[in-house]
Every structure is written in structure tokens, then in C-alpha cells.
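Breakdown of the fold
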Amino acid sequence: IRRVQVLFPLALLAIISGWAMWKFEDTLTVIFELAIYFPMVIAAGGNSGGQASTVVIRAMSIGEINQGEARQVIMKELFIGLVMGLALGVSLLLIISLCLPAMGTTTVGEGISIYYFALTIGVALFMQITISTVCGATLPLAARAMKIDPALISSPAITTIVDLLGVVIYFTTAQLILNA
């Protein structure tokens, strides 16, 4: 029953992801190519958040992290998230910038430069990974502080939260960079 108590509110929260996606319908309609990279950006956030969560839960379980070290753990994971996000964001930016023109694609949507499109995907990926890594590290620490089993809540919570954040990050980045 404890598992249902965790999953039910998260299922309701996941509905907000669908609502957020609906709010960005116009952006997706104008630049349909955004749909191609959207699952990858969301998944990368889930993977990085899940890794951070697992590392923190493991460290807590073997006594490597004490109650008063939450700030240091979060700052360390922020740094790791920034480095991973930068590496993956720049890599994807370069891949898109080189591969799509090589396949004859120079614009997307309504005449948007492939390079601005690549920048959008790279920046969104950077932000998604950075924020997801911090969330993944923070959730088990917060759960422990609230006397909730971190192993019970962290994985489903990180999935739901990162999905929601990913929708907002991805499409807001597209709107800001591409004016869509």
C-alpha cells in the first residue's frame, strides 16, 4: 500500500506533463523537427537524475553521507551535472550541425537555420541534464529528512519530475532561441 501511496500522487503530477506539452502545441506545430529530439532530451534527464539518485542512495546506505552533508552532496552533483550537460549538449549541437547539413537539410520549420536549431537542442540538453542531476541527488536527501524511505520514492519521483521539467525546459528553450 505504501507503494501505491507514492505512485498515485506522482501519476496525478504526470498529468501536468501532458498539460505542459499541450501548452507548447504551437511551438511543436511550427517546428515539428523538435519532436525528433524531444524523447532523447527527456530520457537523458531521466538517466542523469536516476544515476545521481542511485549514487546518493547507495552512499547513504553505506554511511558515506551524513545528515549534515546534504549541501556538499548537492553542490558536487551540480558540478557533475554541469560537466555532463556541457559535454553532451555540445556533442549533440555538433552532431546536428554537421549531420543534418550533410544530409541536405539547412533549415527547419519556417526557415529556421539548422545551426540555431542545433543550439536549441544542445542548450536544452545541457539544462535538462544539469537540473535533473541536481533533482536526482536532492530527492533521496529530502526523503530521508522527511523520514521516507529514499529507495521507495526516489526513482518514481525523479521520473515524473524530470519528465515535467523536461517538457518545460525543452520547449521554453525552443521558444527563446527560435522565437517559435
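Here is a short report on the structure shown in this document. (Residues numbered from 1 in each chain as written. Predicted model: local features only at pLDDT ≥ 70, side-chain atom pairs only at ≥ 80, totals over all residues. Heavy atoms only, no water.)

Our focus in this paragraph is the nonpolar core. Counting 28 residues, the largest nonpolar core has Leu34, Ile96, Phe117, Ile121, Tyr170 and Phe171 as its most contacted members. Counting residues per element, the ones that place at least two in this core are helix H3 (34-61), helix H4 (70-102), helix H5 (114-145) and helix H6 (150-178). Those residues in contact with Tyr170 that lie beyond four places of it in its chain are Leu34, Tyr37, Phe38, Val41, Ile121 and Ala124. Counting residues in hydrophobic clusters, the runner-up holds eight residues, among them Ala52, Val56, Ile65 and Leu141. (Core = buried A, V, L, I, M, F, W, Y, C linked by side-chain atoms within 4.5 Å. Buried < 20%, exposed > 50% of the residue type's maximum accessible area, 1.4 Å probe, protein only. Helix = DSSP H or I, 4+ residues; strand = E, 2+ residues; numbered from the N terminus. Contact = heavy atoms within 4.5 Å.)

H6 packs onto H5 with a crossing angle of 155° between their chain directions and a minimal axis gap of 8 Å. Here H5 is positioned roughly antiparallel relative to H6, judged by the angle of their axes. For H5 against H6, the interelement crossing comes out right-handed. Classifying every residue of the contact of H5 with H6 by side-chain character gives 24 nonpolar, seven polar and one charged. (Axes fitted to C-alpha atoms, helices over the stretch in contact; angles between N-to-C directions. Parallel < 35°, antiparallel > 145°, perpendicular 65-115°, else oblique. Left-handed = near helix turned anticlockwise from the far one by under 90°. Nonpolar A, V, L, I, M, F, W, Y, C, P; charged D, E, K, R; others polar.)

The subject of this paragraph is unusual backbone geometry. Leave glycine aside and you will find that most residues have negative phi; peptide bonds, for their part, are mostly trans. Backbone geometry at Lys147 places phi at a positive 60°, although glycine is not the residue there. Tracing the backbone shows Lys147 in the loop between H5 and H6. Judged by relative accessible area, which is 77%, Lys147 ranks as exposed.

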